[in-house]
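As a plain string of letters, each chain reads:
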Amino acid sequence: MRQITTLTELRAKKAIKFSYRQEGIAREGFVALFGEQVVAYENVCRHVPITLDYGDARFFNAEGSHFVCQTHGATYEPLTGKCIAGPCVGAALKPLAVEMKGDEVWFRDPP
């Protein structure tokens, strides 16, 4: 397991990207704070396999209520990852498991 951020940093930035490997392939994930809940997903839109952000770690819409793919506008519920509007309604972001240890957010690379 490795620490990827702190709750303090997440409160300030709302979302933070991190890299990980799965099945030997480099991938990108993001961890976000929604209300007081920490969630993490693979940073890949379910419509077209591109990142949700433009490299700027901006995942939330202007209201802060949903994640939005900046390319095609797919809109996802933060707590479930489910797409509720846009070109991939019904699909869901791939969740990643994170663990809180005090103020720290930890992640274990999948096998």
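Residues numbered from 1 in each chain as written. Predicted model: local features only at pLDDT ≥ 70, side-chain atom pairs only at ≥ 80, totals over all residues. Heavy atoms only, no water.

Visitor: What should I look at first to understand the overall build of the protein chain in this one?
Guide: Of the regular secondary structure elements, the protein chain holds one helix and nine strands. Taken from N to C terminus, the helices and strands of the protein chain fall in the order β-α-β-β-β-β-β-β-β-β. Computed over its C-alpha atoms, the radius of gyration of the protein chain comes to 13 Å, within 12% of the 13 Å expected for a compact globule of 111 residues. Across its three principal directions, the C-alpha atoms of the protein chain cover 35 × 35 × 25 Å. Put simply, the protein chain has 111 residues, and 36% of those count as buried. A total of about 5,900 Å² of accessible surface is found on the protein chain, and carbon and sulfur atoms cover 54% of it. Of the charged side chains in the protein chain, 13 are positive and 13 negative, and the gap between their average positions amounts to 3 Å. (Helix = DSSP H or I, 4+ residues; strand = E, 2+ residues; numbered from the N terminus. Rg over C-alpha atoms; globule rule 2.2 N^0.38 Å. Buried < 20%, exposed > 50% of the residue type's maximum accessible area, 1.4 Å probe, protein only. Areas by Shrake-Rupley, 256 points an atom, 1.4 Å probe, with all protein chains shown as cover. Lys, Arg positive; Asp, Glu negative; His and termini not counted. Charge placed at Lys NZ, Arg CZ, Asp CG, Glu CD.)

Visitor: Looking at this model, I keep getting lost on the sheet that holds strand 8 (residues 98-101). Mind explaining?
Guide: Think of a sheet as strands paired side by side through backbone hydrogen bonds, with each pair either parallel or antiparallel. Strand order in the open sheet made by the three strands is 1-9-8, with antiparallel pairing throughout. Edge positions in the sheet fall to strand 1 (2-6) and strand 8, since each of these pairs with one other strand and no more. Strand after strand, the sheet turns through a mean of 35 degrees between neighbouring axes, direction not considered. One ladder, built from four bridges, connects strand 8 with strand 9 (residues 104-107); its direction is antiparallel. Residue pairing for strand 9: Glu99 is matched across the bridge by Trp106. (Pairing = 2+ DSSP bridges. Axes fitted to C-alpha atoms, helices over the stretch in contact; angles between N-to-C directions.)

Visitor: Sorry if this is basic, but what is going on with the environment of Ala57 here?
Guide: Within the secondary structure layout, Ala57 lies in the loop between strand 4 (37-42) and strand 5 (67-68). According to the relative accessible area criterion, Ala57 is partly exposed, its value standing at 22%. A sequence separation of 22 residues divides Ala57 from Gly35, and the C-alpha atoms of the two residues are 18 Å apart. For Ala57, the residues in contact, after removing those within four places along its chain, are Ala15 and Lys17. (Contact = heavy atoms within 4.5 Å.)

Visitor: Is there a simple way to think about the side chain of Asn43 in this case?
Guide: Within the element layout of this structure, Asn43 appears in the loop between strand 4 and strand 5. Under the relative-accessibility criterion, Asn43 is labelled buried at 1%. Engagement of the side chain of Asn43 in a polar contact is seen with the side chain of Glu28, the distance being 2.6 Å. (Polar contact = N/O pair within 3.5 Å; in protein donor to acceptor, adjacent residues only side chain to side chain.)

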